[in-house]
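Single-letter residue listing:
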Amino acid sequence: MLNAVQLAPPEVTFTVSPAEAVEISRIADQLQSVSDEVDDDAWVAAARSSWEFLPGGYRRRVREFRRDSGPAGVMVVRGLPVDDSRLPNTPSVAGSVQRTTTGPAALLMMTACGLGDPAAFLAEKSGALVQDVVPVPGREDFQGNAGSVDLMMHNENAFHPHRPDYVMLLCLRPDHDRVAGLRTASIREALPLLSDRTRQALARPEFNTQPPPSFGSAGAGAPELPVLAGESADPDVRVDFAATTGLTPSARAALTELSLALDEVARTVRLLPGDLAIVDNHVTLHGRTAFQPRYDGRDRWLQRTFVLADLRRSRDHRPGDGYVLER
């Protein structure tokens, strides 16, 4: 089994050098001075230009991951510049986002432009391009980014026709006890563990994935879709184990076998400040292990940005050709 908790498994890790981190920080600070607004289209355009000036080794590894995310479908970049002395208290309110420009937001935007384009959903965190992933008092049991219990494995926005191609999670602060782990599991590694019968069942459109309440009424217009699609030897996976239902007995049995196979190959990584996890949302699911928040301003704090590799495909969902999917 591969699911032992590690700081960062070597097979998915790339570490920037101290000199590269200094250069990245300098470029991020320059970008931060261009605008006060993260969601300003002009600032995103400036981030796209700034990406070209980041250290070549970093840009090369990100481009390589975009071309081929590998068996694990996740990359953890370590050693990126995150200065705790420049951070405010960890937010603790529902819907928290990063609207003003910061060094970490600049880093996320530049990297998003290297992978494709940043994107957000209006119904989710008001369409902010950089979102806080923090525990919220009273929502400990919530199956979402505001909770602190085990978060079930899922593809991000699996129900949506334009789900993100990549999910980026930048660690600003770990939890107090440093036990919270980002769990990832790739269909590329789980596929050999599945029976032929289960593979065939997962490829049939006999599954329904509910959107979260923020996206509208449960079940409204949710299509029946397969969990596995595309090339049978290297399929895409679309599932959220908290929201996907098999509509036939064979579909439900296939979901159970898939869950067991993914658990068998799962990796669990404890992110440290300056760690950036990039998840290929077409082949890899992610979740989180439980932790105990204290709500004292020093709780776990990640910042999240979604990326679309081909922004044009979602044009009918983005009035004004912006970065927010409104429909």
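Conventions used here
- Residues numbered from 1 in each chain as written.
- Predicted model: local features only at pLDDT ≥ 70, side-chain atom pairs only at ≥ 80, totals over all residues.
- Heavy atoms only, no water.
- Helix = DSSP H or I, 4+ residues; strand = E, 2+ residues; numbered from the N terminus.
- Rg over C-alpha atoms; globule rule 2.2 N^0.38 Å.
- Buried < 20%, exposed > 50% of the residue type's maximum accessible area, 1.4 Å probe, protein only.
- Contact = heavy atoms within 4.5 Å.
- Areas by Shrake-Rupley, 256 points an atom, 1.4 Å probe, with all protein chains shown as cover.
- Lys, Arg positive; Asp, Glu negative; His and termini not counted.
- Charge placed at Lys NZ, Arg CZ, Asp CG, Glu CD.
- 1 Å grid on protein atoms, 1.4 Å probe; cavity = no way out; pocket = protein on both sides within 12 Å on 5 of 7 lines; lining within 4 Å.
- Points joined across faces, edges and corners; volume = space filled by probe spheres on them.
- Nonpolar A, V, L, I, M, F, W, Y, C, P; charged D, E, K, R; others polar.
- Salt bridge = Lys/Arg side-chain N within 4 Å of Asp/Glu carboxyl O.
- Polar contact = N/O pair within 3.5 Å; in protein donor to acceptor, adjacent residues only side chain to side chain.
- Expected span 1.5 Å × (residues − 1).

Digging into the overall build of the protein
- When helices and strands are tallied, the protein shows 7 helices and 18 strands.
- Taking 20 Å as the expected radius of gyration for a compact globule of 327 residues, we find that the protein reaches 19 Å, a close match to that expectation.
- Within the protein, buried positions represent 56% of all 327 residues.
- Put simply, 81% of the contacts in the protein that link residues at least 6 apart link residues at least 24 apart.
- Of the roughly 13,700 Å² of accessible surface on the protein, 51% is carried by carbon and sulfur atoms.
- In the protein, which carries 35 positive and 43 negative side-chain charges, the distance between the mean positions of the two groups comes to 2 Å.

Section: the layout of surface pockets
- Counted as a void, the largest pocket has a volume near 850 Å³.
- Together, 40 residues line the largest pocket, and Glu124, Phe142, Gln143, Gly144 and Asn145 are the ones closest to its centre.
- Breaking the lining of the largest pocket down by element, the ones donating at least two residues are strand S6 (151–154), strand S16 (284–288) and strand S17 (301–308).
- Class assignment of the residues belonging to the lining of the largest pocket gives a composition of 19 nonpolar, 13 polar and 8 charged.

Some details on the side chain of arginine 59
- By secondary structure assignment, the location of arginine 59 is in helix H3 (residues 56–67).
- It is glutamate 52 that comes nearest to the buried, bridge-free arginine 59 among opposite-charge side chains, at 4.3 Å.
- At 2.7 Å, the side chain of arginine 59 forms a polar contact with the backbone oxygen of leucine 54.
- Residues contacting arginine 59, with those up to four places away along its chain left out, are Trp51, Glu52 and Leu54.

A word on helix H4 (residues 103–115)
- If you check H4, its first and last C-alpha atoms are 19 Å apart, about what 13 residues at 1.5 Å a residue would give, namely 18 Å.
- The buried count for H4 comes to 13 of 13 residues, which makes it a mostly enclosed element.
- The backbone nitrogen of alanine 105 lies 3.1 Å from a side-chain oxygen of the residue at the head of H4, namely threonine 102.

With respect to empty space enclosed by the protein
- Evaluation of the coordinates by the stated rule reveals 2 cavities of 30 Å³ or more.
- What the largest cavity holds in volume is close to 70 Å³.
- Around the largest cavity sit Ala158, Phe159, Phe207, Asn208, Thr209, Pro223, Leu225, Pro226, Val227 and Arg238, which together line it.
- Looking at the lining of the largest cavity element by element, the count peaks at 3 residues for strand S9 (residues 207–209).
- Looking at the lining of the largest cavity, its residues break down into 7 nonpolar, 2 polar and 1 charged.
- Roughly 40 Å³ of volume is contained in the second largest cavity.
- Together, Pro174, Asp175, Arg178, Ala180, Arg270, Leu271, Leu272 and Arg300 line the second largest cavity.

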